[in-house]
Amino acid sequence: MTVDDTGSGADADGRVDPPPVSAPLDRGDPQGAAEPGEDPLALRLEGLILGAERRYTPFQAARTAGVSMELATRFWRAMGFADVGQAKAFTEADVLALRRLAGLVEAGLLSEAMAVQVARSTGQTTARLAGWQMDSFLEGLTEPPEPGMSRTEVTYPIIELLLPELEEFLVYVWRRQLAASAGRVVQAGDDEEMVDRRLAVGFADLVGFTRLTRRMEEEELGELVEAFETTAADLVAARGGRLIKTLGDEVLYSADDAGVAAEIALLLIETMANDETMPELRVGMAFGTVTTRMGDVFGTTVNLASRLTSIAPRDAVLVDSAFAEELIRSGEAPASEAEAAEAAAKAEKEGEEPPTYRFALQPMWQRPVRGLGVVEPWLLTRRNSSPA
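This write-up is about the structure you can find in this document.

Here is what the cut-offs are and how they apply
Residues numbered from 1 in each chain as written. Predicted model: local features only at pLDDT ≥ 70, side-chain atom pairs only at ≥ 80, totals over all residues. Heavy atoms only, no water. Helix = DSSP H or I, 4+ residues; strand = E, 2+ residues; numbered from the N terminus. Buried < 20%, exposed > 50% of the residue type's maximum accessible area, 1.4 Å probe, protein only. Contact = heavy atoms within 4.5 Å. Polar contact = N/O pair within 3.5 Å; in protein donor to acceptor, adjacent residues only side chain to side chain. Pairing = 2+ DSSP bridges. Patch = residues over 30% accessible without salt bridge, like charges linked within 9 Å, V, L, I, M, F, W, Y side chains within 5 Å. Areas by Shrake-Rupley, 256 points an atom, 1.4 Å probe, with all protein chains shown as cover. Salt bridge = Lys/Arg side-chain N within 4 Å of Asp/Glu carboxyl O. Lys, Arg positive; Asp, Glu negative; His and termini not counted. Charge placed at Lys NZ, Arg CZ, Asp CG, Glu CD. Expected span 1.5 Å × (residues − 1). Axes fitted to C-alpha atoms, helices over the stretch in contact; angles between N-to-C directions. Parallel < 35°, antiparallel > 145°, perpendicular 65-115°, else oblique. Nonpolar A, V, L, I, M, F, W, Y, C, P; charged D, E, K, R; others polar.

### Section: the overall build of the protein
A count of helical and extended segments in the protein gives twelve helices and 14 strands. Taking all 388 residues of the protein together, 36% fall into the buried category. For the protein, restricting intrachain contacts to residue pairs at least 6 apart in sequence, the fraction spanning at least 24 positions comes to 66%.

Here it is, written out as structure tokens:
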């Protein structure tokens, strides 16, 4: 690509560069170039957080980083930032980040498509984190430290105090999560299992959530969703599962072991049932091959778990036949109550300890499931309780 001093760019065959690269909204500080209508306090906050002033237009940032406008545009849009035309909105940090990401592609460590995925997954994850943090900080500021100060004005000193600590904590948690993820990859052994793995996948869904949204105030609804997500996240993590994502009234989690996933599901049901402020819950789970991409899971197994959730009774857990077979294979559940009784009688006759099962399975009526054909759900309960 060739460039001239006017800021336009064209390839050797005359093709014009794509629209200007997108950039973080409201980038800059008081020393940067403010755009018409920008709030001075917003600029001060931006300068505090970014630690640098606005210096470059999108074209200048791409040229300084030594990358094409096309690649720069793809990176910035993947991170979720809006186009800013030819305004000066970029800092030295933006140029350095762009150069580093492009350098990984040039060195052959990442393909261009993978680099864009890195930008997108990082942008999506941190956007939600940053939004949640700001909402939480401002919500907690019920009384300004000085009379006459608005909540917005209090934001600056709060961020000034929290920024270094939060940055260190973010890096710490990311390293911890990366170490855990790397450990799972190594344990997988088979290269194919790194992407397409056999996992237990579960959806937990609040019953009647749509009706609740019509009856509850927004603040109450927000508190309910936060309590549900917090409880689910804690239970999933404590038992060795992985929370994939939350969708307000629904959480998606996975586990390498069907027994772990089953224990999480039943704990979720029991915990929510003991909380009078919570709606009833239903859980659907499936076991099988799952494709993992950008921290999410895809495939028929995931779709089946979702469908089972939609047909599960209130305060109950439904699993597919593959999940039931895995519990039976691992000795976590008997194939039937008759088989359990027979095994116990045999053990007693031979003077041995009878087998212990954590879970019980009850086959349900086969039924057609949209997009997946006919499935045979199984009702999962604890072994010491009578199957419904």
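### So, helix α3 (residues 69-78)
Buried residues dominate α3, accounting for seven of its ten residues. Of all the residues in α3, the buried ones are Met69, Leu71, Ala72, Thr73, Phe75, Trp76 and Ala78.

### A look at the environment of glutamate 263
Along the chain, glutamate 263 turns up in helix α9 (residues 258-273). Judged by relative accessible area, glutamate 263 falls into the buried class, the value being 11%. Distance in space between the C-alpha atoms of glutamate 263 and arginine 358 is 8.8 Å, their sequence separation being 95 residues. Setting aside its immediate chain neighbours within four residues, glutamate 263 contacts Arg239, Arg358, Phe359 and Arg382. A distance of 3.0 Å separates the side chain of glutamate 263 from the side chain of arginine 382, its partner in a polar contact.

### What about the pairing of strand β7 (residues 250-255)?
Among the six residues in β7, six count as buried, and that is most of the element. Of the two faces of β7, the one holding Glu250, Leu252 and Ser254 and the one holding Val251, Tyr253 and Ala255 are both buried throughout. Pairing of strand β6 (residues 242-246) with β7, which is carried by four bridges, proceeds in the antiparallel orientation. Paired with lysine 245 across the strands is leucine 252, a residue of β7. Between β6 and β7, which follow one another and run antiparallel, lie three residues, and glycine 248 among them has a positive phi close to 80 degrees.

### Quick notes on the environment of glycine 373
Checked against the element boundaries, glycine 373 lands in strand β13 (residues 373-375). If sequence neighbours within four positions are ignored, glycine 373 has contacts with Arg367 and Pro368.

### What to know about a negative patch on the surface
Together, Glu217, Glu218, Glu219, Glu220, Glu223 and Glu226 give the surface a local cluster of negative charge. With respect to the secondary-structure elements, glutamate 226 resides in helix α8 (residues 218-238).

### Some points on α9
With 16 residues, α9 should reach 22 Å at 1.5 Å per residue; the first-to-last C-alpha distance of 23 Å fits that figure. The element α9 is extensively covered by neighbouring structure, given that twelve of its 16 residues are classed as buried. Buried within α9 we find Ala258, Gly259, Ala261, Ala262, Glu263, Ile264, Ala265, Leu266, Leu267, Leu268, Ile269 and Met272. The distance from a side-chain oxygen at the start of α9 to the backbone nitrogen of glycine 259 is 2.8 Å, and the residue carrying that oxygen is aspartate 257.

### Considering the side chain of arginine 54
For arginine 54, the location among the structural elements is in the loop between α1 (40-50) and α2 (58-65). A polar contact of 3.2 Å, which involves the side chain of arginine 54, links it to the side chain of glutamate 46.

### Some remarks on the pattern of salt bridges
Scanning all chains against the criterion turns up 15 salt bridges. For the salt bridge of lysine 245 with aspartate 296, the shortest nitrogen-to-oxygen distance reads 3.1 Å. With lysine 245 in strand β6 and aspartate 296 in strand β9 (residues 296-298), the pair connects residues that are 51 residues apart, well separated along the chain. By relative accessible area, lysine 245 is classed as partly exposed at 31%. Between arginine 358 and glutamate 332 there is a salt bridge, with the nearest N and O atoms lying 2.9 Å from each other. Of this pair, arginine 358 sits in the loop between α12 (337-349) and β11 (359-363) while glutamate 332 sits in the loop between α11 (321-329) and α12, and the two are 26 residues apart along the sequence. Residue classification places arginine 358 among the partly exposed positions, given a relative accessible area of 38%. Overall, glutamate 332 belongs to the buried group, its relative accessible area being 17%. A cluster of three or more residues bridged by salt bridges with shared partners is formed by Glu263, Glu270, Glu332, Arg358 and Arg382.

### Brief notes about unusual backbone geometry
At aspartate 315, a residue that is not glycine, the phi angle is positive and equals roughly 55 degrees. Within the secondary structure, aspartate 315 sits in the loop between α10 (300-311) and β10 (316-319). Residue class for aspartate 315 comes out partly exposed when judged on its relative accessible area of 33%.

### As for the packing of α3 against helix α4 (residues 92-106)
Here α3 crosses α4 at 105 degrees, and the two axes come no closer than 11 Å. Taken together, the axes of α3 and α4 lie roughly perpendicular to each other. Of the residues in α4, those touching α3 at Leu71, Ala72, Phe75 and Trp76 are Asp94, Leu98, Leu101 and Ala102. The residue inventory of the contact of α3 with α4, partitioned by class, reads seven nonpolar, no polar and one charged.

### Quick look at the pairing of β10
Residues Ala316 and Leu318 of β10 are buried on one face, and the alternating residues Val317 and Val319, pointing to the opposite face, are buried as well. Inspection of the sheet shows strand β8 (residues 281-293) paired to β10 by four bridges, in the parallel sense. The residue bridging valine 283 from the neighbouring strand is valine 317, located in β10. Bridging between β10 and strand β14 (residues 378-382) involves three bridges; their strand directions are antiparallel.

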